[in-house]
Number of protein chains: 2
Amino acid sequence: MPLTKAREMMEEALTLARSAAQAGEVPVGALVVKDGVIIARGANRPLQSHDPTAHAEIIAIREAAAFLGNDRLTGCDLWVTLEPCAMCAGAIAHARIARLYYGAEDPKGGAVAHGPRLFDQPTVHHRPDVYAGIATDEAAELLRKFFAERR
Amino acid sequence: MPLTKAREMMEEALTLARSAAQAGEVPVGALVVKDGVIIARGANRPLQSHDPTAHAEIIAIREAAAFLGNDRLTGCDLWVTLEPCAMCAGAIAHARIARLYYGAEDPKGGAVAHGPRLFDQPTVHHRPDVYAGIATDEAAELLRKFFAERR
């Protein structure tokens with residue numbers, strides 16, 4: 001993928017993350033992309049929607065599956081500003097996401113490069129290709145600023 | 001909890017699991033219980049709803065959170081006929097479920113007593129009390145029969 005395209009995708013996910021922050025939610029944004037086209041978007045909103053599962057990735061995955069009329073998102077990419085947690089990594093595996101691109105690392109709640117490292121588990125039934133470190137600084141700064149303002 | 005109450009709860013979850021099987025879905029059923037009262041029910045339905053996240057536990061947790069108007073299900077119990085997967089175990093932690101009761105073990109897809117053993121991970125932010133082995137034989141037989149008929 002050309003670097004400008006990757007930049008464009010993560011910029012869109014960061015815009016969604018900023019919209020989450022404006023609504024008082026932890027700033028995380030996600031996209032599902034098929035054949036280079038964004039087919040679903042998610043901004044983190046567990047508090048507003050009274051839904052503990054309403055992480056950006058889950059919202060985008062559910063929307064993409066509804067759009068495609070299929071519970072499997074074969075050949076689709078997921079872009080997200082933060083390393084997915086165990087719930088979201090599990091959903092990524094169930095959805096058969098082909099490629100996962102993420103921004104900031106999450107040593108406390110992440111489940112891809114940290115904690116249970118879900119895609120390295122022998123029992124995982126699907127492993128996406130994982131690309132970390134895209135616009136990491138911006139995604140991390142957004143989170144840092146959000147939590148600093150709430151302290 | 002008296003044994004008859006436990007039996008009653010798991011019987012209700014098994015009824016939901018049977019309804020999933022009748023709809024051609026892997027037979028898993030779940031309940032959320034608060035103060036001894038069932039406040040939400042879920043029957044596994046990823047295929048019908050074109051939603052890879054539509055496991056019984058996720059449906060019941062979302063419904064309970066909507067009912068209570070809160071993304072945290074503090075003091076609530078989750079009853080499910082099968083050991084939860086990583087996605088569902090992650091959602092259980094996010095929802096702050098107090099007690100998890102489950103039926104059949106799932107060595108292939110389970111993430112509580114198998115695979116990543118999510119609640120034993122040092123980074124998990126909430127650990128429910130876990131009670132396994134309730135109506136295990138019935139829950140396992142339901143799954144075995146379902147898969148045998150599809151072979």
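Scroll up a little and you will see the structure.
The following paragraphs examine the structure supplied in this document. This one's a predicted model, so the numbers in the text were calculated from it and none came from an experiment.

### Focus on the relation of the copies chain B and chain A
When chain B is brought onto chain A, the operation consists of a screw motion whose angular component is 180° and whose axial shift is 0.0 Å, with 0.0 Å RMSD remaining. The symmetry that links the two subunits is that of a two-fold axis. Considering only C-alpha atoms, the part of chain B nearest the rotation axis is M87(B), at 1.9 Å. Take the interface residues of chain B: 100% of them recur as interface residues in chain A, which is what a same-surface contact looks like.

### Details of the pairing of strand 3 (residues 77-82) of chain A
Residues and elements named next belong to chain A. Of all six residues in strand 3, six are buried; the element is thus mostly enclosed. With four bridges connecting them, strand 1 (residues 29-34) and strand 3 associate as antiparallel partners. Its bridge partner being in strand 3, A30 is matched across the sheet by V80. Handedness of the crossover joining strand 3 and strand 4 (residues 99-104) through helix 4 (residues 86-94) is recorded here as right-handed.

### Thoughts on the nonpolar core
The biggest cluster of nonpolar side chains holds 104 residues, and the ones touching the most others in it are V32(A), L73(A), W79(A), V32(B), L73(B) and W79(B). Each residue touching V32(B), except ones within four places of it in the same chain, is listed here: V37(B), I38(B), I39(B), A40(B), A60(B), I61(B), A64(B), L73(B), C76(B), D77(B) and L78(B).

### Quick look at the interface of chain B and chain A
Counting from both sides, the interface comprises 29 residues of chain B and, opposite them, 29 residues of chain A. In total, about 2300 Å² of surface goes out of reach between chain B and chain A, with carbon and sulfur atoms giving 64% of it. Inspection of the chain B/chain A interface yields two salt bridges. Note that D51(B) is salt-bridged to R62(A), the shortest N-O span being 2.8 Å. At the junction of chain B with chain A, the criterion picks out four residue pairs in polar contact (both at pLDDT 80 or more). Classifying every residue of the side of chain B that touches chain A gives 15 nonpolar, 10 polar and four charged.

### So, the sheet that holds strand 5 (residues 129-131) of chain A
Residues and elements named next belong to chain A. If you walk across this open sheet you meet the five strands as 2-1-3-4-5, and the pairing is mixed. Here the strands that pair on one side only, and so sit at the sheet edges, are strand 2 (37-43) and strand 5. Averaged over all pairs of adjacent strands, the angle between strand axes in this sheet comes to 20°, irrespective of strand direction. Here helix 3 (residues 56-68) sits on the sheet and contacts strand 1, strand 2 and strand 3; the angle it forms with strand 2, its principal contact strand, is near 140°.

### Some words on the pattern of salt bridges
Enumeration according to the criterion identifies 19 salt bridges over all chains in this entry. Here E12(B) and R41(B) are joined by a salt bridge, their closest N and O atoms 2.9 Å apart. In this pair, E12(B) sits in helix 1 (residues 3-22) while R41(B) sits in strand 2 (residues 37-43), placing the two residues 29 residues apart along the sequence. Take E12(B): its relative accessible area is 28%, and that puts it in the partly exposed class. Between R99(B) and D77(B) there is a salt bridge; the shortest N-O distance is 2.7 Å. Of the two residues, R99(B) is situated in strand 4 (residues 99-104) and D77(B) in strand 3 (residues 77-82); the sequence distance between them amounts to 22 residues. For R99(B), a relative accessible area of 28% corresponds to the partly exposed category. Linked through salt bridges whose partners overlap, the residues forming this network are R7(A), E11(A), R18(A) and E138(A).

About the thresholds
- Residues numbered from 1 in each chain as written.
- Chains lettered and ligands numbered in written order.
- Predicted model: local features only at pLDDT ≥ 70, side-chain atom pairs only at ≥ 80, totals over all residues.
- Heavy atoms only, no water.
- Least-squares fit on C-alpha atoms with pLDDT ≥ 70 in both.
- Contact = heavy atoms within 4.5 Å.
- Buried < 20%, exposed > 50% of the residue type's maximum accessible area, 1.4 Å probe, protein only.
- Helix = DSSP H or I, 4+ residues; strand = E, 2+ residues; numbered from the N terminus.
- Pairing = 2+ DSSP bridges.
- Right-handed = clockwise from strand over helix to strand, strands pointing away.
- Core = buried A, V, L, I, M, F, W, Y, C linked by side-chain atoms within 4.5 Å.
- Buried area = accessible area lost by both parts, 1.4 Å probe.
- Salt bridge = Lys/Arg side-chain N within 4 Å of Asp/Glu carboxyl O.
- Polar contact = N/O pair within 3.5 Å; in protein donor to acceptor, adjacent residues only side chain to side chain.
- Nonpolar A, V, L, I, M, F, W, Y, C, P; charged D, E, K, R; others polar.
- Axes fitted to C-alpha atoms, helices over the stretch in contact; angles between N-to-C directions.

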